[in-house]
Amino acid sequence: DESLSRRPMGRVVRPLQAMGARIDGRKCGEGLPLAVKGTLLTGGRYTPSAASAQIKTSLILAGLSSSGSTTVNEPRQTRDHTEIMLSYLKVPVLIEGLSVTVFPCPDLPGGSWAIPGDFSASAFWLVAGSILPGSDLLIRASGVNPTRTGMMKILDRMGASISLVNPGTSGGEAVADINVKAAPLRGVEIGEEEIPSLVDELPVLAVAATQAEGTTIVRGASELRVKECDRISAMTEGLTALGAHVTERSDGWEIQGPTRLKGGRVRSFGDHRIAMALSIAALTADSPVEIDDPSCVSISYPSFFETLEAVASGGI
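Remember, predicted model here, so these are calculated numbers, not experimental data.

This part is about the overall build of the protein chain. Summing up its helical and strand segments, the protein chain has 11 helices and 15 strands in all. Against the globule reference of 20 Å for 316 residues, the protein chain gives a C-alpha radius of gyration of 21 Å, in line with a compact fold. Counted over contacts in the protein chain with a minimum sequence separation of 6, partners at least 24 positions apart contribute 68%. Surface accessibility of the protein chain: about 14200 Å² in total, with carbon and sulfur atoms responsible for 53%. The protein chain carries 29 positive and 35 negative side-chain charges, and their two centres are separated by 4 Å.

And the structure:
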């Protein structure tokens, strides 16, 4: 689609080509659409240009079908769901610091386990529960993989009341119920080294910042500009339209709070996370908020608005 056509594909195409893959497309494979022809891959050692679990996982999975070992050296730690899954299936995975190595595995074994709830979906309710007075929410069976829950650490620094209940594992993944209660928040600074563990949650974290006392500064998040839309610009526009005090930076935001948000019409830019984040912001607005193209939410969370209505009415 239009948003995917804008995304930079060279970061994954180039290392795959170095493994022997035959991939052609716009700008020598820099943009979709791409044509891929099957061929024998050779493995090797690669350092992605960006700290991205999607790129790492692409190379790991390709490496399982290569003729030799494949090592991915990450510039920073990213989510490790793929490594956990392969280890759970007894597929050899060698992890040394920020390096992950896999070996040819022509007969990949199967297995059966329950997939924990997506923490990126839980994040919206963590913010909602934190900023809605009187809230006390229990989010059941959410994934709490430490490489994914950087947002919980940030909210804890902001003064949020969040606790894990009934912790356990499923398929090797950490899972727990998450209890969140309303609490006064304060502004914090978020640095580049923290971004990989919370990059998808930054739009809704910006909403929390509008309700926090003081200044919240986000740096090192330029990756947000090449998601389904330019999420830095989109959240700046949306929150500003609702009365928030947001200064857009090249790699993040500076947000002053707390602010009593107002109603109005905002754009989702066809991005599910923008639409959901602005919906959470609407919970604190003094009049209705209208979001264009809300159907984009169905990409990742089809029942989001039903749950939102239940949370807002206290009927969940």
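So that's the structure; there's more coming.
Looking now at the sheet that holds strand β9 (residues 173-181). Read from one edge to the other, the open sheet built from 3 strands follows the order β7-β9-β8, with strand pairing classed as antiparallel. Of all the strands in the sheet, the pair left with one neighbour each is β7 (136-143) and β8 (161-170). Pairs of neighbouring strands in the sheet enclose a mean axial angle of 15°, with direction left out of account.

Applying the stated criterion across every chain yields a total of 0 disulfides. Unpaired in terms of disulfides, C229 finds its nearest cysteine sulfur in C296, a separation of 9.0 Å.

We now examine the sheet that holds strand β3 (residues 44-46). Pairing within the open sheet is mixed, and its 4 strands lie in the order β3-β4-β6-β5. At either margin of the open sheet sits one strand with a lone partner, and together these are β3 and β5 (93-96). Across the sheet, the mean angle separating the axes of adjacent strands is 15° when strand polarity is ignored. Sheet analysis places strand β4 (residues 70-73) next to strand β6 (residues 99-102), joined by 4 bridges and oriented antiparallel. What sits directly across from V72, in β6, is V100.

Moving on, we get to the nonpolar core. Counting residues in each nonpolar core, the largest one holds 66 residues, and the members touching the most others are W125, W253 and I280. At 9 residues, the largest contribution of residues to this core is made by helix α6 (residues 119-131). Excluding its chain neighbours within four sequence positions, the residues that come into contact with W125 are L137, I139, V180, I280, Y301, F304, T307, L308 and V311. By size, the runner-up hydrophobic cluster in this structure holds 22 residues, among which are L41, A62, L64 and V72.

As for its position among the elements, S66 is in the loop between α4 (53-63) and β4. Residue classification places S66 among the buried positions, given a relative accessible area of 6%. Of the polar contacts made by the side chain of S66, one reaches the backbone oxygen of A62; its length is 3.1 Å.

Using the criterion set out here, one finds 6 aromatic pairs in the structure. Residues Y301 and F304 carry aromatic rings whose centres are separated by 5.6 Å and whose planes lie at 70° to one another, so their mutual orientation is edge-to-face. No difference in accessibility class separates Y301 from F304, as the two residues are buried. An aromatic cluster is present here, built from F124, W125, Y301, F304 and F305 joined pairwise through their rings.

About the thresholds
- Per chain, residue numbering runs from 1 following the sequence as it is written.
- Owing to the predicted nature of the model, reporting of local features is limited to residues with pLDDT of at least 70; listing and counting of side-chain atom pairs is limited to 80 or more, with chain, interface and lining totals taken over all residues.
- Neither water nor hydrogens contribute to the side-chain values; these are computed over all heavy atoms in the structure.
- Per the convention used, a helix needs a DSSP run of H or I reaching at least four residues, while a strand needs a run of E reaching at least two, with both numbered from the N terminus.
- It is over C-alpha atoms that the radius of gyration is taken, and the globule rule equals 2.2 Å times the number of residues to the power 0.38.
- Contacts between residues were defined by any pair of non-hydrogen atoms, one from each residue, lying within 4.5 Å.
- Residue burial considers only the protein chains on display, and all accessible areas are found by Shrake-Rupley using a 1.4 Å probe.
- Positive charges are assigned to Lys and Arg, negative charges to Asp and Glu, while His and the chain termini are left out of the count.
- The location of each charge is read from NZ of Lys, CZ of Arg, CG of Asp or CD of Glu.
- When DSSP finds two or more bridges between two strands, those strands count as paired.
- In this analysis, axes come from line fits to C-alpha atoms, helices being fitted only over the stretch in contact, and the angle between any two N-to-C directions falls in the range 0 to 180 degrees.
- When two cysteine sulfur atoms lie within 2.5 Å, the pair is treated as a disulfide.
- In this text, buried Ala, Val, Leu, Ile, Met, Phe, Trp, Tyr and Cys residues form a nonpolar core when linked through side-chain atoms within 4.5 Å.
- Only protein chains enter the area calculation, which uses a 1.4 Å probe; residues under 20% of their type maximum are buried, those over 50% are exposed, and those in between are partly exposed.
- Polar contact is the term for a pair of N or O atoms within 3.5 Å; when the atoms are in protein, one must be able to donate a hydrogen and the other to accept it, and sequence-neighboring residues count only if both atoms are side-chain atoms.
- In this analysis, rings of Phe, Tyr and Trp, with Trp reduced to its six-membered ring, are considered paired at centre separations within 6.5 Å, and the interplanar angle assigns stacked below 30 degrees, edge-to-face beyond 60, and tilted for intermediate values.

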